[in-house]
Amino acid sequence: MNSRQNLADNIEKMTIDVDAPFRFHCTMCGKCCINRDDILLNPDDLFRIAKFLDLTPEEVVNQYCETYIGGTSRMPIVRLKPQGSVMRCPFLKDRKCSIQDAKPVVCAMFPIGRYVRVPKDQVMEESIPETLYLFSDPGCGDTSESHTVREWLASYGIPLQDPFCSRWQQVLLTVGGYIQKIEKNSSPFIMEKIWSLVFQILYLEYDREADFMPQFMENSELILNQMKTLSSYVKE
């Protein structure tokens, strides 16, 4: 059974209340940064890393990442490109994170994970998803410290109900749905153009000197409208 299927099957058991305690202490062993090919970057991660390194988002992607189309979502996906036989994070230096102050949120939250849940009777684009949290044995560190999810996230400046996280999930599911519809009746050439457009606008079109969230809201609205229009021309 793969890790994603295992997560799907056990997600309720792993869900933890934000004020429930969990035990974990990071011993700086670096194990969470090797044997990983699943560190996905969202646009906010990419923006913060680009700003920290004084690079453009596109330069960060070219130097440190891989991109592909999600098998299920059919959305462009960006992940950190693992290095060497141990699949080491490209930002791991001397067993420490070289971008500590701008690390991807999934890394900052470790060993806490999160997911969003949308009521079944609501349309994703019009709903406000509920953010829920997960904890499972990370397989590293020790249990010498006790924390709550609320305390753990606050220490990294991560809000419990993150407006970007909610909006990003809306975009992934809604735009992904439009792309799946379009793909059924479009040539590979057309799809390459569409994926390139979605990737460019959602991940790369940002001014590092301006605030991220207003730019993301504008970009995501643009893509939502464009994909909705394109999908309207596709026969069911």
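Up top you'll find the structure we're talking about.
Residues numbered from 1 in each chain as written. Predicted model: local features only at pLDDT ≥ 70, side-chain atom pairs only at ≥ 80, totals over all residues. Heavy atoms only, no water.

Undergrad: Account for the packing of aromatic side chains, naming residues and giving values.
TA: Geometry of an aromatic ring pair is reported as the spacing of the ring centres plus the angle between the planes. For the structure on display, the rule yields 16 aromatic pairs. When the ring of Phe47 is compared with that of Tyr206, the centres are 6.2 Å apart and the planes differ by 70°; the resulting orientation is edge-to-face. Pair noted here: Phe47 is in helix H2 (residues 43–53) and Tyr206 is in the loop between helix H7 (188–204) and helix H8 (212–232), with a separation of 159 residues, a long-range link. Taking the relative accessible area as the measure of exposure, Phe47 reaches 5% and is therefore buried. Ring pairs connect the aromatic residues Phe47, Phe164, Trp168, Phe199, Tyr203, Tyr206, Phe212 and Phe216, which therefore count as one cluster. (Phe/Tyr/Trp six-rings, centres within 6.5 Å; stacked < 30°, edge-to-face > 60°. Helix = DSSP H or I, 4+ residues; strand = E, 2+ residues; numbered from the N terminus. Buried < 20%, exposed > 50% of the residue type's maximum accessible area, 1.4 Å probe, protein only.)

Undergrad: Quick rundown of unusual backbone geometry? Include the residues and the values.
TA: Of all residues except glycine, most have a negative phi; of all peptide bonds, most are trans. Look at the link from Phe110 to Pro111: it is a cis peptide, with omega at 10°. As for its position among the elements, Pro111 is in the loop between helix H4 (105–109) and strand S8 (112–117). Positive phi, close to 55°, is recorded for Asp94, a residue that is not glycine. In this fold, Asp94 is placed in the loop between strand S6 (92–93) and strand S7 (96–97). Of the residues examined, Asp94 reaches a relative accessible area of 76% and is grouped as exposed. Of note in the backbone geometry, Arg95 takes a positive phi value of approximately 65° without being a glycine. Secondary-structure assignment places Arg95 in the loop between S6 and S7.

Undergrad: Can you explain helix H3 (residues 57–64)? Please cite residues and give values.
TA: Turning to H3, its buried residues are Pro57, Val60 and Val61. When H3 is viewed along its axis, its buried side chains cluster within an angular range of 100° and face the same direction. Residues of H3 that are buried sit in contact with H2, strand S4 (65–69), strand S5 (76–80) and H7. (Arc of directions from axis to C-beta. Contact = heavy atoms within 4.5 Å.)

Undergrad: I'd like a rundown of the packing of H3 against H7, residues and numbers included.
TA: It is at 9 Å that the axes of H3 and H7 come closest, and there the two elements cross at 110°. The angle between H3 and H7 falls in the class roughly perpendicular. Within the contact between the two elements, H3 uses Pro57, Glu58 and Val61 and H7 uses Phe199, Tyr203 and Leu204. Here the contact of H3 with H7 is composed, by residue class, of five nonpolar, no polar and one charged. (Axes fitted to C-alpha atoms, helices over the stretch in contact; angles between N-to-C directions. Parallel < 35°, antiparallel > 145°, perpendicular 65-115°, else oblique. Nonpolar A, V, L, I, M, F, W, Y, C, P; charged D, E, K, R; others polar.)

Undergrad: Lay out the sheet that holds S5 in plain terms, naming residues and giving numbers.
TA: Here three strands make up an open sheet; going across it, the order is S3-S5-S4 and the pairing antiparallel. The sheet is open, and its two edges are formed by strand S3 (40–41) and S4, each paired on a single side. The sheet contact formed by S3 and S5 spans two bridges and is antiparallel. Of the residues in S5, the one forming a bridge with Leu40 is Arg79. Sitting on the sheet, H7 is in contact with S3, S4 and S5, with an inclination near 55° to S5. (Pairing = 2+ DSSP bridges.)

Undergrad: Describe the nonpolar core, with residues and values.
TA: Val175, Ile179, Val198, Leu202, Tyr203 and Met227 are the most contacted members of the largest nonpolar core, which has 40 residues in total. For this core, the element with the most residues is H7, which contributes nine residues. If near-sequence neighbours (up to four positions away) are discounted, Val198 is found in contact with Met75, Pro76, Ile179, Tyr203, Ile223 and Met227. The next biggest cluster of nonpolar side chains, apart from the first, holds 15 residues, and it includes Ile16, Phe22, Leu153 and Leu160. (Core = buried A, V, L, I, M, F, W, Y, C linked by side-chain atoms within 4.5 Å.)

Undergrad: Lay out the packing of helix H6 (residues 163–183) against H7 in plain terms, naming residues and giving numbers.
TA: At a minimum axis distance of 11 Å, the contact between H6 and H7 shows a crossing angle of 170°. Between H6 and H7, the angle is such that the two are roughly antiparallel. At the point where H6 passes H7, the crossing takes the right-handed sense. Taken together, the residues of H7 that come into contact with H6 (itself represented by Trp168, Val171, Ile179, Ile182 and Glu183) are Met191, Ile194, Trp195, Val198, Leu202 and Tyr203. (Left-handed = near helix turned anticlockwise from the far one by under 90°.)

Undergrad: Tell me about H2, residues and numbers included.
TA: The set of residues buried in H2 consists of Pro43, Asp44, Asp45, Leu46, Phe47, Ile49 and Ala50. Elements that come into contact with the buried residues of H2 comprise S3, H3, H4, H6, H7 and H8. At the N-terminal end of H2, a side-chain oxygen is found 2.9 Å from the backbone nitrogen of Asp44, two or three residues along, and the residue is Asn42. Immediately downstream of H2, the backbone of Asp54 shows phi near 60°, a positive value. (Polar contact = N/O pair within 3.5 Å; in protein donor to acceptor, adjacent residues only side chain to side chain.)

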